[in-house]
Amino acid sequence: MRMRKLPWAEEYLQDAEVVIKDPSQLKGRWRTLVHGEKLHLEIGCGKGDYWNQMAKRYPQDGWIAIEKNVSVAGIAVRKFEQQEGDLSHMRFIWGDAQSLEEWFDRGEIDVIHLNFSDPWPKKRAHKKRLSAPAFLAQYANILSRDGTVQMKTDNSSLFEFSILQFQQAGWKLEEFSVDYRREPHEEDVITEYEKRFLSAGQPIYRAVWSRGS
Ligand code: SAM
């Protein structure tokens with residue numbers, strides 16, 4: 001369901017320090033700004049529960065979130081600002097992931113997280129899916145040699161599509177589940193959308209791919 005545009009969000013995002021105003025300026029230099037053993041990038045973070053909570057759970061890593069919708073981006077950043085402690089390992093990009101290669105250099109990112117990405121059910125819109133070939137080509141470029149893409153979704157059609165796209169692009173399937181929450185996974189935060197699907201009794205599909213050799 002599309003959210004009503006929040007009148008305060010745009011100005012709020014422009015003023016927030018955690019929001020990188022021109023990510024292309026940091027291309028090749030993210031590690032000088034965001035310290036961490038690994039650099040994680042969540043694309044389409046929505047209201048930011050996963051980004052905020054995973055960064056809290058794994059402070060030894062760097063956590064960057066991208067969201068294009070101004071209202072949910074505003075909410076994600078507001079949640080960030082309500083936290084306490086050292087949050088220097090976190091950054092936010094308000095923008096469209098179509099520009100990933102303008103923002104990140106080769107090998108700069110270690111893990112890409114795609115959580116409950118929009119399913120775009122109509123065939124003519126499949127190119128907007130975050131697992132469409134143009135996105136996979138960008139992921140392959142910005143990921144480190146051992147880098148991975150992790151996907152969770154409730155949508156079987158998007159999942160089937162993604163499995164096929166990654167396979168056709170030569171990625172290696174490392175992990176695969178059609179009911180990820182059947183067992184507890186304390187290591188992985190439940191996202192806002194995931195909560196809704198779990199309470200409706202729906203299974204969560206999950207896969208992890210590496211770039212292959
Ligand atoms: N990940 C969150 C969760 O699991 O609760 C939100 C899921 S929501 C269905 C998908 C989000 O991805 C939306 O907020 C949408 O605006 C964002 N999104 C979709 N395509 C995007 C893109 N190309 N760049 C940035 N954000 C995108």
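Source: prediction; values computed, not measured.

1. Concerning the overall build of the protein chain
Logical step 1: A count of helical and extended segments in the protein chain gives 8 helices and 7 strands.
Logical step 2: Here the C-alpha atoms of the protein chain give a radius of gyration of 16 Å, agreeing with the 17 Å that 2.2 N^0.38 yields for 213 residues.
Logical step 3: Each principal axis of the C-alpha distribution contributes one length, and for the protein chain these read about 40 × 40 × 35 Å.
Logical step 4: Every one of the 213 residues in the protein chain was classed for burial, and the buried ones make up 50%.
Logical step 5: Long-range pairs, those at least 24 residues apart, make up 79% of the contacts in the protein chain between residues at least 6 apart in sequence.
Logical step 6: In the structure as shown, the protein chain presents an accessible area of about 11,400 Å², 48% of it carried by carbon and sulfur atoms.
Logical step 7: Averaged over its 31 positive side-chain charges, the protein chain has a centre that lies 6 Å from the centre of its 32 negative ones.

2. Some thoughts on unusual backbone geometry
A negative phi angle characterises most non-glycine residues, just as the trans form characterises most peptide bonds.
Logical step 1: Positive phi, close to 55°, is recorded for Phe116, a residue that is not glycine.
Logical step 2: Phi angles above zero are rare outside glycine, and Trp120 is one such case at about 40°.
Logical step 3: Mapped onto the elements, Trp120 comes out in the loop between strand 4 (109-115) and helix 6 (133-142).

3. Structural notes on the pairing of strand 5 (residues 143-153)
Logical step 1: Of all 11 residues in strand 5, 9 are buried, a share of seventy percent or more.
Logical step 2: Sheet analysis places strand 4 next to strand 5, joined by 6 bridges and oriented parallel. Bridging across to strand 5, Ile109 finds its partner in Leu143.
Logical step 3: Across 6 bridges, the pairing between strand 5 and strand 7 (residues 205-210) is antiparallel. Residue pairing across strands places Lys152 opposite Arg206, the latter belonging to strand 7.

4. A word on the pattern of salt bridges
Logical step 1: Evaluation of the coordinates by the stated rule reveals 11 salt bridges.
Logical step 2: Here Glu194 makes a salt bridge to Lys152, at a shortest N to O gap of 2.6 Å. Of this pair, Glu194 sits in helix 8 (residues 192-199) while Lys152 sits in strand 5; the two residues are 42 residues apart in sequence, bridging distant segments of the chain.
Logical step 3: Among the residues examined, Lys152 registers a relative accessible area of 3% and is labelled buried.
Logical step 4: Counted as one network, the salt bridges with shared partners bring together Lys152, Arg181, Asp188 and Glu194.

5. With respect to the environment of Ile112
Logical step 1: Among the structural elements, Ile112 can be located in strand 4.
Logical step 2: Along the chain, Ile112 and Leu41 lie 71 residues apart, while their C-alpha atoms are 4.8 Å from each other.
Logical step 3: If sequence neighbours within four positions are ignored, Ile112 has contacts with Leu41, Ile43, Tyr139, Ile142, Leu143, Thr148, Val149 and Gln150.

Definitions and limits used
Residues numbered from 1 in each chain as written. Predicted model: local features only at pLDDT ≥ 70, side-chain atom pairs only at ≥ 80, totals over all residues. Heavy atoms only, no water. Helix = DSSP H or I, 4+ residues; strand = E, 2+ residues; numbered from the N terminus. Rg over C-alpha atoms; globule rule 2.2 N^0.38 Å. Buried < 20%, exposed > 50% of the residue type's maximum accessible area, 1.4 Å probe, protein only. Contact = heavy atoms within 4.5 Å. Areas by Shrake-Rupley, 256 points an atom, 1.4 Å probe, with all protein chains shown as cover. Lys, Arg positive; Asp, Glu negative; His and termini not counted. Charge placed at Lys NZ, Arg CZ, Asp CG, Glu CD. Pairing = 2+ DSSP bridges. Salt bridge = Lys/Arg side-chain N within 4 Å of Asp/Glu carboxyl O.

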